[in-house]
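A structural walkthrough
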Amino acid sequence: MVNENVLANDRESVKYRRNCNTLVVFGTGVILYGFWSIIKLAMCLIFEVEIFNKEDLEEFGPIGISIVLVIVVIIMAVDVLIRLRTGLRARYEGAGKKAGKSYLFWCIWLILESTISIIIVVPDVINMQDDFIDTYLSVFMELTSLAMTIEVFMAGISVRKYRKKLQEAKQSAG
């Protein structure tokens, strides 16, 4: 359902069009952030960056490390699928196509996931326990992802409210 009042320049119509654009652009961003985790892990493996410290290697052994890697890959795959679905649905909504409400639920899920991730990393940032650049880059990327997902959620709610109001106005007029 595309806004028939494309030429309307009242405050609500302008906000609606801006929010539709936000859904398309930031929906793409949500998708791209999902692939960032895969790229980061792939680069660590390609460049043989130490993922596990020596104590972990001794404690888990080769089989345990393999199991941990499989679990990490599964979690990352699920995260990418959630981000892909959420981002695509946000883009559909922004383009005026029917998207369903589930992407808003997944936005909340991603917001909680990012918030927890940031909370977990904050002590490392404060105590400078890990690599300075890697830690701050991770926090920056996670904060950016969080902000983008919040924007998608808020724009999605706003677009839905506007469309509902427009639909109610049509029904009462017709």
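Scroll up a little and you will see the structure.
Summary of the structure given here. (Residues numbered from 1 in each chain as written. Predicted model: local features only at pLDDT ≥ 70, side-chain atom pairs only at ≥ 80, totals over all residues. Heavy atoms only, no water.)

1. Structural notes on the overall build of the protein chain
Check the secondary structure of the protein chain and you find 4 helices and 0 strands. Starting at the N terminus and ending at the C terminus, the protein chain contains elements arranged as α-α-α-α. Here the C-alpha radius of gyration of the protein chain, 21 Å, is well above what a compact globule of 174 residues would show, namely 16 Å. For the protein chain, with 174 residues in total, the buried portion stands at 32%. Considering only contacts within the protein chain whose residues lie at least 6 apart along the sequence, 78% involve residues at least 24 apart. Total accessible area computed for the protein chain in this model is approximately 11,400 Å², and 68% of it derives from carbon and sulfur atoms. With 19 positive and 19 negative side-chain charges, the protein chain shows a spacing of 21 Å between the two charge centroids. (Helix = DSSP H or I, 4+ residues; strand = E, 2+ residues; numbered from the N terminus. Rg over C-alpha atoms; globule rule 2.2 N^0.38 Å. Buried < 20%, exposed > 50% of the residue type's maximum accessible area, 1.4 Å probe, protein only. Contact = heavy atoms within 4.5 Å. Areas by Shrake-Rupley, 256 points an atom, 1.4 Å probe, with all protein chains shown as cover. Lys, Arg positive; Asp, Glu negative; His and termini not counted. Charge placed at Lys NZ, Arg CZ, Asp CG, Glu CD.)

2. Structural notes on the packing of aromatic side chains
Ring pairs (aromatic) are described by centroid distance and by the angle formed between their planes. A full pass over the atoms with the stated rule returns 3 aromatic pairs. Centre to centre, the rings of tyrosine 16 and tyrosine 162 are 4.4 Å apart; their planes meet at 25°, and the pair counts as stacked. Separated by 146 residues along the polypeptide, tyrosine 16 in helix H1 (residues 11–46) and tyrosine 162 in helix H4 (residues 132–173) bring together distant segments of the chain. Ring centres 6.2 Å apart and planes at 75° place the aromatic pair tryptophan 106 and tryptophan 109 in the edge-to-face group. In this pair, tryptophan 106 and tryptophan 109 are both assigned in helix H3 (residues 102–127), 3 residues apart and thus about one turn of the helix distant. Tryptophan 106 sits in the partly exposed class, given a relative accessible area of 25%. The structure contains a cluster of three or more aromatic residues connected by ring pairs, namely Phe105, Trp106 and Trp109. (Phe/Tyr/Trp six-rings, centres within 6.5 Å; stacked < 30°, edge-to-face > 60°.)

3. With respect to the packing of helix H2 (residues 54–94) against H3
It is at 9 Å that the axes of H2 and H3 come closest, and there the two elements cross at 135°. In this view, H2 runs oblique relative to H3, as classed from their interaxial angle. In the packing of H2 onto H3, the handedness of the crossing is left-handed. Residues Asp79, Ile82, Arg83, Arg85, Thr86, Arg89, Ala90 and Glu93 of H2 form the contact with H3, whose own contacting residues are Ser102, Tyr103, Trp106, Cys107, Trp109, Leu110, Glu113 and Ser114. (Axes fitted to C-alpha atoms, helices over the stretch in contact; angles between N-to-C directions. Parallel < 35°, antiparallel > 145°, perpendicular 65-115°, else oblique. Left-handed = near helix turned anticlockwise from the far one by under 90°.)

4. Notes on the pattern of salt bridges
Taken as a whole, this structure holds 5 salt bridges when the rule is applied. Residues glutamate 12 and lysine 165 are paired through a salt bridge, measuring 2.7 Å at the closest nitrogen-oxygen approach. Here glutamate 12 is found in helix H1, whereas its partner lysine 165 is found in helix H4, with 153 residues between them in sequence. Note that arginine 83 is salt-bridged to glutamate 113, the shortest N-O span being 3.8 Å. Of this pair, arginine 83 sits in helix H2 while glutamate 113 is found in helix H3, placing the two residues 30 residues apart along the sequence. For arginine 83, a relative accessible area of 4% puts it in the buried group. Connected via shared salt-bridge partners are Asp79, Arg83 and Glu113. (Salt bridge = Lys/Arg side-chain N within 4 Å of Asp/Glu carboxyl O.)

5. Some thoughts on the nonpolar core
Core analysis: the biggest nonpolar cluster contains 19 residues, and Tyr16, Leu23, Val30, Ala90, Tyr103, Val152 and Val159 have the highest contact counts within it. Mapped onto this core, the elements with two or more residues apiece are H1, H2, H3 and H4. Top element by residues in this core is H4. It accounts for 7 residues. Those residues in contact with valine 30 that sit more than four places away from it in its chain are Arg83, Thr86, Gly87, Leu110, Met148, Thr149 and Val152. (Core = buried A, V, L, I, M, F, W, Y, C linked by side-chain atoms within 4.5 Å.)

6. Some words on the layout of surface pockets
Summary: where empty space remains is shown by rolling a probe the size of a single water molecule over the atoms. Of the pockets and cavities examined, the largest pocket occupies roughly 1,600 Å³. Taken together, 37 residues form the lining of the largest pocket, with Ser37, Lys40, Ser117, Asp134 and Ser138 sitting closest to its centre. Secondary-structure elements contributing two or more residues to the lining of the largest pocket are H1, H2, H3 and H4. When residues in the lining of the largest pocket are grouped by element, the largest group, 8 residues, is from H4. Looking at the lining of the largest pocket residue by residue, the classes come out as 20 nonpolar, 7 polar and 10 charged. (1 Å grid on protein atoms, 1.4 Å probe; cavity = no way out; pocket = protein on both sides within 12 Å on 5 of 7 lines; lining within 4 Å. Points joined across faces, edges and corners; volume = space filled by probe spheres on them. Nonpolar A, V, L, I, M, F, W, Y, C, P; charged D, E, K, R; others polar.)

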